[in-house]
Amino acid sequence: MDPKAGRTWTARTLAAQAMGKVDEATRAVVPPIHVTTTFLRDPDNQYRSGNIYGRADNETVREAEAVIAMLEDAPAAMLLGSGMSAATAVFLALSPGDHVVAPNVMYWALRNWLLTDGTRWGLRVTLVDMTDLEALRGAVRPGETMLVWAETPANPLWSITDIAAAARIAHEAGALLAVDSTCATPLLTRPIEHGADIVMHAATKYLNGHSDVVAGALATARKDEMWDRIRRNRAMLGQILGPLEAFLLLRGMRTLPLRVPAACASAMQLAERFAVHPAVAEVLYPGLPGHPGHAIAKRQMQGGFGGMLSIRVRGGAPHAIGTAARVELWKRATSLGGVESLIEHRASIEGAGSPCPDDLLRLSTGIEDPADLYADLDRALRAANA
Ligand SMILES: *Cc1c(COP(=O)(O)O)cnc(C)c1O
């Protein structure tokens, strides 16, 4: 049953109905959660359903994967137990000794893993300024570099990578390009359209959107050898997402096309207002014309610049931490992409060696009234500075 058969419904329509699938046996509009770990074998000893065992096969997971593949316009998507599980699954599908290039500014835990356990496992890792295409060209080694990893907009400075240009450079060197597109969401950017080979999402964030599921997603430009290896590893290592999490994710994604534009509009408003705030030294948001990645973001992102922004507080770390201490509406917590707005003194969690300035507060804009969000943070900034 292909919900697209004969018609081309939009992503918003297909997401709202989770691809329109109903349970044929009961006529339920919401399909059941498939919790079984094992499946009946046919009397002639065959498995015709396509399902054998829960470590590899789950229908609820497949239903959520179908929505993600549709949103990314990809031939296939895969769900794993966390964003980190999805990201490391890509690197661990390479071979020890392979060279990879990753950005200096990127999701902190993954950068850290690459430099410690990823390296210990045998990856040779070069970090570059991914916004500088000449630096990227200088870092790839034709025939040796197997993967270029990009993240755009990138944590926590919201640096923008030109996906099409990075893909050209990676492909010329014989490498794949994988993009962590968590903060762009598939609504604003579909990296495969720009030449990426693999797309990764911390589905924990915008895709689920309600801060109640840890999940990771991959989407691929081709069902090739690399994709098969990642799938085999997921089945062997037990990295598949649990069915209850997949169900919650499926429910969360029904409203993705409503949540993301709301977060983008509020983030833009907050960025513009805090850019002229006396207690704020700088606002980092790719939607502002002064952001170094603005021109590329404008080309590469459709419908908004994302819900993530950072502010640098005048007076340094004490004032930044003092501001975070005084908010009432914003929640002081790590993570992002939920319906509730979060604020975080990012340097405190990233620790030594982080490129994150210590006066920086990372803001994840939720779907609350942006006037309330501004008022709360404005009051906290003034109080911290008093
Ligand atoms: C949160 C996050 C991850 C890791 O996802 P988890 O689900 O926490 O493992 C990776 N990349 C980005 C950009 C993230 O925000």
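In this text, all values refer to a predicted model and were calculated from it rather than measured experimentally.

### Looking at the site of the ligand
- In the neighbourhood of the ligand, 14 residues make up the surrounding shell, with Gly-83, Met-84, Asp-180, Thr-204 and Lys-205 lying closest.
- Taking Thr-204, its side chain carries an N or O atom lying 2.6 Å from an oxygen atom of the ligand.
- Protein contacts shield 92% of the accessible area of the ligand, which totals 380 Å² for the unbound molecule.
- Those elements giving two or more residues to the shell around the ligand turn out to be helix 3 (83–92) and strand 6 (198–202).
- Looking at side-chain class alone, the shell around the ligand contains six nonpolar, five polar and three charged residues.

### With respect to the UniProt feature "modified residue: N6-(pyridoxal phosphate)lysine" (unreviewed entry) in the protein chain
- Listed under "modified residue: N6-(pyridoxal phosphate)lysine" (unreviewed entry) in the UniProt record, and renumbered for this structure, are Lys-205.
- Mapped onto the fold, Lys-205 is located in the loop between strand 6 and strand 7 (216–220).
- On the accessibility criterion, Lys-205 (10% relative accessible area) is buried.
- With residues up to four places along the chain from it excluded, the contact list for Lys-205 reads Tyr-107, Thr-182, Ser-335, Leu-336 and Gly-337.

### Observations regarding the nonpolar core
- Among the nonpolar cores identified, the biggest contains 71 residues, and Leu-249, Met-253, Phe-274, Val-283, Tyr-285, Ile-311 and Leu-377 are the most heavily contacted of them.
- A domain-level breakdown of this core finds at least three residues from each of domain 1 (11–253) and domain 2 (256–384).
- Listed in part, the 27 residues of the second largest apolar core include Trp-113, Trp-149, Met-200 and Ile-230.

### Notes on the packing of aromatic side chains
- Within this structure, the stated rule accounts for three aromatic pairs.
- Each ring, one from Phe-91 and one from Trp-113, has its centre 6.3 Å from the other, and the planes form 50 degrees; the classification is tilted. Of the two residues, Phe-91 sits in helix 3 while Trp-113 sits in helix 4 (residues 108–121), which places them 22 residues apart along the sequence.
- Assessed through its relative accessible area of 0%, Phe-91 is described here as buried.
- Owing to a relative accessible area of 17%, Trp-113 belongs among the buried residues under this scheme.
- Geometrically, the ring pair formed by Phe-274 and Tyr-374 is tilted, given 4.8 Å between the ring centres and 35 degrees between the ring planes.

### Some details on the domain arrangement of the protein chain
- Annotation of the protein chain at the domain level lists domain 1 (11–253) and domain 2 (256–384).
- Centre-to-centre, using C-alpha coordinates, domain 1 lies 26 Å away from domain 2.
- Taken together, the two surfaces of domain 1 and domain 2 that pack against each other cover about 3,100 Å², and 63% of this comes from carbon and sulfur.
- Among the residues domain 1 hides against domain 2, the three largest losses belong to Trp-108, Leu-188 and Tyr-206. Together they make up 25% of the total.

### Some words on helix 4
- With 14 residues, helix 4 extends 19 Å between its outermost C-alpha atoms, agreeing within 8% with the 20 Å of an ideal straight helix rising 1.5 Å per residue.
- Its axis deflected by about 45 degrees at Leu-114, helix 4 carries its strongest bend there.
- For helix 4, every residue scored as buried is listed here: Trp-108, Leu-110, Arg-111, Trp-113, Leu-114 and Gly-118.
- Trailing helix 4 by a residue or two, Gly-122 shows a phi angle of about 125 degrees, which is positive.

### Section: the sheet that holds strand 10 (residues 331–332)
- Taken in spatial order, the five strands of this open sheet run 8-9-12-11-10, and their pairing is mixed. Of all strands in the sheet, those with a lone pairing partner are strand 8 (280–284) and strand 10, marking the two edges.
- The pairing of strand 9 (residues 308–313) with strand 12 (residues 360–364) spans five bridges and is antiparallel. Bridge pairing links Ser-310 to Arg-362 in strand 12.
- In the packing of helix 12 (residues 317–326) onto the sheet, contacts are made with strand 9, strand 10, strand 11 (342–345) and strand 12, and the angle to strand 11 comes to roughly 150 degrees.
- Strands in contact with helix 14 (residues 370–385) are strand 8, strand 9, strand 11 and strand 12; relative to strand 9, the strand with the most contacts, it is inclined by about 20 degrees.

### Examining the pattern of salt bridges
- Throughout the structure, instances matching the rule amount to 25 salt bridges.
- Between Glu-193 and Arg-190 there is a salt bridge, with the nearest N and O atoms lying 2.9 Å from each other.
- With its nearest N and O atoms 2.9 Å apart, the salt bridge here joins Asp-359 to Arg-312. Taken as a pair, Asp-359 in the loop between helix 13 (346–350) and strand 12 and Arg-312 in strand 9 lie far apart in primary sequence, 47 residues in all.

### Considering the pairing of strand 4 (residues 145–151)
- Across the seven residues of strand 4, six count as buried, placing the element largely inside the fold.
- Bridge analysis of strand 2 (residues 99–103) against strand 4 gives three bridges, and the strand direction is parallel. Across the sheet, residue His-99 finds its bridge partner in strand 4, namely Thr-145.
- Two strands pair when backbone bridges link them, and strand 4 and strand 5 (residues 176–180) are joined in this way by five bridges, in the parallel orientation. Counterpart to Ala-150 in the pairing with strand 5 is Val-179.

Reading the values: rules and limits
- Residues numbered from 1 in each chain as written.
- Predicted model: local features only at pLDDT ≥ 70, side-chain atom pairs only at ≥ 80, totals over all residues.
- Heavy atoms only, no water.
- Near = heavy atom within 4 Å.
- Polar contact = N/O pair within 3.5 Å; in protein donor to acceptor, adjacent residues only side chain to side chain.
- Areas by Shrake-Rupley, 256 points an atom, 1.4 Å probe, with all protein chains shown as cover.
- Helix = DSSP H or I, 4+ residues; strand = E, 2+ residues; numbered from the N terminus.
- Nonpolar A, V, L, I, M, F, W, Y, C, P; charged D, E, K, R; others polar.
- UniProt positions renumbered as here; feature names shortened; annotations may be inferred.
- Buried < 20%, exposed > 50% of the residue type's maximum accessible area, 1.4 Å probe, protein only.
- Contact = heavy atoms within 4.5 Å.
- Core = buried A, V, L, I, M, F, W, Y, C linked by side-chain atoms within 4.5 Å.
- Domains from an automatic or database assignment.
- Phe/Tyr/Trp six-rings, centres within 6.5 Å; stacked < 30°, edge-to-face > 60°.
- Buried area = accessible area lost by both parts, 1.4 Å probe.
- Expected span 1.5 Å × (residues − 1).
- Bend = angle between axes of the 7 residues up to and from the residue.
- Pairing = 2+ DSSP bridges.
- Axes fitted to C-alpha atoms, helices over the stretch in contact; angles between N-to-C directions.
- Salt bridge = Lys/Arg side-chain N within 4 Å of Asp/Glu carboxyl O.

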